[in-house]
Amino acid sequence: MYHVTIEVENSQCKGLEHMFKLGVNDCRLIDVRRLPNGSVRHLVRFPAGELGKASDGRLKILKSSKGSSVLASFQTEGCSVCNTMLSQGAFLISGKHLGGYRMVYEFIAPGYEVFKQIVSTLESLGFKPKILGLTKHEHKEGVLTEKQENVLWLALKMGFFDYPRRISSRELVKMLGIAPSTFSEITRSGIRRLLEKYFESPS
């Protein structure tokens, strides 16, 4: 598996397009996530003073601080960039807005050929992806089994251990193609091995 970071000028971004149509130009798209139902959830932040412009039924206000900023989410069908990644079997971690229509996307590619196909497809669609990072996950012999390591590595990258969580166990098991009970057993036994290694007495 590969952890990939790319920068793309994405004028097709449905999240930014929706906010701009509402008249909220001073906003930041801070996360993009594919949901189990196939739609794409966008998480945006914008100044509290812009809230009056954002009276739209699809916009769910998650947090609002008077005189500060608003955190909101909404769903769309996604754009060519997100759908290209996801159609190739990649796992989209996040999309972060840099300004204008410039976006930085992070995703997990199952293999190098998938990564190359995603870049090639984006280029054929007229995008000019800039590769900011490409890291291959290599299995480390020792504490964890390969299966435990792969599951825990993906869970970590996707934000399962963040607070608040950026992905649920239900979403993760669907990505991994395993049963919830299998996911629970793998993560519990893997974390136990790590803790036992960490707390073992020096010889």
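Values in this document were obtained by computation on a predicted structure and should not be read as measured data.

(A) Inspection of the overall build of the chain at higher detail. Secondary structure assignment for the chain yields six helices and eight strands. Starting at the N terminus and ending at the C terminus, the chain contains elements arranged as β-α-β-β-β-β-α-β-β-α-β-α-α-α. With the C-alpha coordinates of the chain rotated into their principal frame, the extents come out at 65 × 45 × 30 Å. Per-residue burial for the chain yields a buried fraction of 43% across its 203 residues.

(B) Region of interest: the nonpolar core. With 36 residues, the main nonpolar core has Ile6, Met19, Phe46, Val81, Met85, Tyr105 and Phe107 as its most contacted residues. Within the residue set of this core, elements represented by two or more residues are β1 (2–9), α1 (14–22), β2 (28–34), β3 (40–47), β5 (69–76), α2 (80–87), β7 (102–109) and α3 (112–124). Considering each element in turn, this core owes the most residues, five residues, to α3. Leaving out residues up to four positions away in the same chain, Val81 has contacts with Val8, Asn10, Tyr105, Leu122 and Phe127.

(C) Representation of the state of the cysteines. Scanning the entire structure with this criterion turns up zero disulfides. Free of any disulfide, Cys79 has its nearest neighbouring cysteine sulfur in Cys82, separated by 4.0 Å. Classification of Cys79 by relative accessible area gives buried; the value is 5%. Take Cys82: its relative accessible area is 3%, and that puts it in the buried class.

(D) Representation of helix α6 (residues 180–199) in the model. Taking 1.5 Å as the rise per residue, α6 with 20 residues should run 28 Å; its terminal C-alpha atoms sit 28 Å apart, in good agreement. Those residues of α6 that fall on the buried side of the exposure criterion are Phe183, Ile186, Thr187 and Gly190. Take α6 and look down its axis: the buried residues cluster within an arc of 90°, on one side only. For α6, the exposed residues lying more than 90 degrees away from the buried face are Ser181, Arg188, Arg192 and Phe199. Its buried side turned inward, α6 meets α4 (146–157) and α5 (169–176).

(E) Fine view of α1. Taken together, the buried positions of α1 are Gly15, Leu16, His18, Met19 and Leu22. Take α1 and look down its axis: the buried residues cluster within an arc of 160°, on one side only. Where α1 is buried, its residues touch β2, β3, β5, β6 (91–99) and β7. Where α1 ends, the next residue or the one after it, Gly23, has phi of about 90°, a positive value.

(F) Quick look at the sheet that holds strand β8 (residues 130–136). Pairing is antiparallel in the open sheet, where four strands are placed in the order β6-β7-β1-β8. Only two strands of the sheet have a single neighbouring strand rather than two, namely β6 and β8. On average, each strand axis in the sheet is tilted by 15° relative to the strand beside it, whichever way the strands run. Its contacts with the sheet put α3 on β1, β7 and β8, and the angle it makes with β8 is roughly 170°.

(G) Inspection of the side chain of His42 at higher detail. Among the structural elements, His42 can be located in strand β3. One polar contact links the side chain of His42 to the main-chain carbonyl oxygen of Val40, over a distance of 3.4 Å. Leave out the neighbours within four places in its chain, and His42 touches Lys14, Gly15, Leu29, Asp31, Val32, Ala72, Ser73, Phe74 and Thr76.

(H) Seen up close, the packing of α4 against α6. Remark: α4 packs on α6, axes separated minimally by 9 Å, with the N-to-C direction vectors making an angle of 100°. It follows from the interaxial angle that α4 and α6 lie roughly perpendicular. For the pair α4 and α6, the contacting residues are Lys147, Gln148, Val151 and Leu152 in the first and Phe183, Ile186, Thr187, Ser189, Gly190, Ile191, Arg193 and Leu194 in the second. Considering only residue class, the contact of α4 with α6 consists of six nonpolar, four polar and two charged.

Basis of the calculations
- Residues numbered from 1 in each chain as written.
- Predicted model: local features only at pLDDT ≥ 70, side-chain atom pairs only at ≥ 80, totals over all residues.
- Heavy atoms only, no water.
- Helix = DSSP H or I, 4+ residues; strand = E, 2+ residues; numbered from the N terminus.
- Buried < 20%, exposed > 50% of the residue type's maximum accessible area, 1.4 Å probe, protein only.
- Core = buried A, V, L, I, M, F, W, Y, C linked by side-chain atoms within 4.5 Å.
- Contact = heavy atoms within 4.5 Å.
- Disulfide = S-S within 2.5 Å.
- Expected span 1.5 Å × (residues − 1).
- Arc of directions from axis to C-beta.
- Pairing = 2+ DSSP bridges.
- Axes fitted to C-alpha atoms, helices over the stretch in contact; angles between N-to-C directions.
- Polar contact = N/O pair within 3.5 Å; in protein donor to acceptor, adjacent residues only side chain to side chain.
- Parallel < 35°, antiparallel > 145°, perpendicular 65-115°, else oblique.
- Nonpolar A, V, L, I, M, F, W, Y, C, P; charged D, E, K, R; others polar.

Keep in mind these values describe shape, not function.
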